[in-house]
Amino acid sequence: MKQPILQALKERVLILDGAMGTMLQERGLKPGQSPEELNLLLPEVVAGVHREYLAAGADIIVTNTFGGSREKLSHFGLKERVAEINAAAVRIAREVAGETAYVGASIGPTGRFVEPVGDLSFDEMADIFREQATALVSAGADLITLETFLDIKEIRAALIAIREIAPEIPVIAMLTFDDNGRSVLGTPPEAAAITLEAAGADIIGSNCGLGVEGMYEVLVAMRRVTRLPLICQANAGLPLLQDGVTVFPASPEEMVRYHDRLLELGVRIIGGCCGTTPRHIRAMKDALAGKDQTCRPVGPDKGTLFLSSRTGFVALGGGQPVAIIGERINPTGKKAFAAELQEGKVSYIRREAMEQAAAGAHLLDVNVGAPGIDEPAAMEQAVFCVTGAVQLPLVLDSSSPAALERGLKAADGKVLVNSVSGEEKSLGRVLPLVKKYGAAVIGLTLDEQGIPESADQRLAVAERIVAAAARQGITAGNVVADCLTLTVSAEQKRAMESLRAVRLVKERLGLNTVLGVSNISFGLPARPVISSSFFAMAIAAGLDAAIINPKEQPMMDAYRSAMVLLNRDVNAAAYIEAYKGAGAAAQAPAPSEPPKDIRGRLAAAIIGGDREGIESLVGEALSEGLDPLAISNEGLIPGLEEVGRRFEKNQVFLPQVMRSAETMQAAFTRLKQELAGAAMESKGRILMATVEGDIHDIGKNIVCTLLENHGFEVIDLGKNVPADRIVAEALEQKADAVGLSALMTTTMAEMENVLNRLRDAGVKTFTMVGGAVVTKEYADRIGADLYAKDAMEAVARIKELLCKG
């Protein structure tokens, strides 16, 4: 009988099988046919692929269910057969594997994004995965492997759904990364690892997208923030097209060159993705022979808590610099913000998020608890707003479990919940949410009797919170103790007791600590003087995080100088960066003022994705006498072009680009009202399509949106479009350019067919190709006029092309 797989991984490295799709194509899978349907139609063919990999030495056989969700199967009229198809796949793999190998149940992405980037809610996405996972687990899979995901929010939803129906089944979770070291939506490996571990993955890593060299660098980055076992499932190099056939050039020998380094890194599963064959798998297995495969703990300090957003991450504790939690997104004492919340607006939230990030905050506290509002809905809206504006991880601040859960669903990464107390009611309501959604939590050291007088009593409350968290499966490392700051104007003798409690909690329990530092000075004049002094004292006492207003200069002065003096700012690099050019006054430069000119304000609104405020700005510009064309060309377009420049520099990522595009669309809608129905001048007519046999259209849809917002007229034919229709529409619509997309190596060859058909039909138009598997070399070989590696480049190239034309 086989060992449980997680136990086996402690003793040896396991080999996972190779590509399934290309093997099925060689055995009769037709273009445009569902690979998963073969589990029902040709089970012996699927079993034959499994046997070849098993004979080659694979320890894990992966089911033919990558596209087995109802969302994917619906493209083939099979969405009602999810349970049947997935169960059949597990049965086929199980019969082949016997007691020799483990059966890993494959789940791939849906091809859609979770809101606000996409149109599916978190609950809808989770339900799709819950259905497929239920079928796979019920059929007897040994483990589940989530593979080739592009969106951290989608794979997080999948993990949470799986853990609801199968808390104990081992789960592998893998994201796909580009050669720039990030996913399509901008997630770096570190943020991915933090989020995947928090959501319940047992083994994490990457597959597809890169060869073993690039994947090794991704895994090195992951190892900095996790101690989990890693998996490497690389492609056999990057695809090439030779004689009309897609070829992955890496030989079996090339794919094992990194074995020693992978083992040192703590990679416990090695497998193959696109282009790998039984020969590659045999080479991987043979290369392990004679090597020490002992699992040695590697990874970050256990005392460090990592938190993440979609595009960034923060380390808290473990000797890291004190984490600054910006406190300004809170309606308490802010009438204007409270009024905005009641009106469903987010301008204040966006502005404060961006200003606090610029001032030096590492995390942002989000509190929307104002009277008379729908707090769960407001929390969701606030989380969407903040994550679209900045890259900082979040602290969700609410006493309402419903609001916390809505915010946890809306979040992209691992967040910090603010907070739970030692009260039984609080522990019972908050901790299950923290566990389910993979968060960390602030533990307030108070209980039913209120705030304890002494540090020892607060320590006792912290111990009870840690014990309650452990019963929910939450480790002590995910509890941050708040020893509570009391206002010194009312309880002067207790200020030092808070600092003593910080020391005790760290010494006795090893917990990271946080304080709402600004509370110390409430009711006193010149509050920053008292607050900054107390802040420095708290840091010296061992504080790991502080909830403050980062826009208060004395607070940040105290923070930066303390980090230097405590040797947490190596070579005073951050201090020097903050104060360079400040002179003897030692004052950090003031943040730049927002533009006053209406053109600059329009551009800034596009850059910041201020969809809510753009219409009033357009109205203001019109009242100042600017005509619609000037507003577009001198305000809106420059803003979108700046977004493009920042995207190229990895300063913003696809979600922010899409938010800016939506803001641009809102501006154009307002301008069209002014033109009384007359169309704005088009920069060209573009026909877009995903080629026949390919049902993926996320990238193409993004290109369409951005082209429209740059002033082009776009005719989107959708996905799986036959060449005949593309040619006919190009002629009928008199298109200036035709853009073709393909995500699969098996369909990229169709692009050449389409281009040849366009030429044969005498269609005189520029052509553009792109997609995950398409390269510049391939585009040149088939005679395309241009190639674009991503949506922003597609817009820039088509603008350049048509201007020259």
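The preceding data block contains the structure.
About the criteria used
- Residues numbered from 1 in each chain as written.
- Predicted model: local features only at pLDDT ≥ 70, side-chain atom pairs only at ≥ 80, totals over all residues.
- Heavy atoms only, no water.
- Helix = DSSP H or I, 4+ residues; strand = E, 2+ residues; numbered from the N terminus.
- Expected span 1.5 Å × (residues − 1).
- Buried < 20%, exposed > 50% of the residue type's maximum accessible area, 1.4 Å probe, protein only.
- Contact = heavy atoms within 4.5 Å.
- Salt bridge = Lys/Arg side-chain N within 4 Å of Asp/Glu carboxyl O.
- Phe/Tyr/Trp six-rings, centres within 6.5 Å; stacked < 30°, edge-to-face > 60°.
- Lys NZ or Arg CZ within 6 Å of the ring centre and 35° of its normal.

Attention now goes to helix H20 (residues 495-509). An ideal rise of 1.5 Å per residue puts 21 Å on 15 residues; H20 measures up with 21 Å between its terminal C-alpha atoms. Among the residues of H20, Ala495, Ser498, Leu499, Ala501, Val502, Leu504 and Val505 are the ones counted as buried. Buried residues belonging to H20 abut helix H19 (455-471), strand E18 (479-482), strand E19 (512-515) and helix H21 (527-541). A positive backbone phi angle near 70° is found at Gly510, which sits one or two residues after H20.

On to the pattern of salt bridges, then. As a working rule, side chains carrying opposite charge can pair if their charged atoms are close by. Here the structure, examined in full by the defined rule, presents 51 salt bridges. Arg494 is the partner of Glu491 in a salt bridge, and the nearest nitrogen-oxygen pair spans 2.4 Å. One salt bridge connects Lys580 with Glu577, and the closest N-O pair in it is separated by 3.1 Å. One salt-bridge network, in which partners are shared between bridges, spans Arg70, Asp127, Arg130, Glu131, Glu164, Glu405 and Lys436.

What follows deals with the packing of aromatic side chains. Under the defined criterion, the tally for this structure stands at 6 aromatic pairs. Measuring from ring centre to ring centre gives 6.2 Å for Phe122 and Tyr437, while their planes differ by 55°; the resulting arrangement is tilted. With Phe122 in helix H7 (residues 122-138) and Tyr437 in the loop between helix H18 (424-436) and strand E17 (440-444), this residue pair connects regions lying 315 residues apart in the sequence. With respect to burial, Phe122 and Tyr437 carry one shared label: buried. Between Tyr216 and Tyr258, the aromatic rings sit 5.4 Å apart at their centres with planes inclined by 55°, giving tilted as the arrangement. Of this pair, Tyr216 sits in helix H10 (residues 212-223) while Tyr258 sits in the loop between helix H11 (252-255) and helix H12 (259-264), and the two are 42 residues apart along the sequence. With respect to burial, Tyr216 and Tyr258 carry one shared label: buried. Lying across the ring of Tyr102, Lys2 places its NZ or CZ 5.6 Å from the centre. Across from the ring centre of Tyr258, 3.9 Å away, lies the NZ or CZ of Arg261, which sits over that ring.

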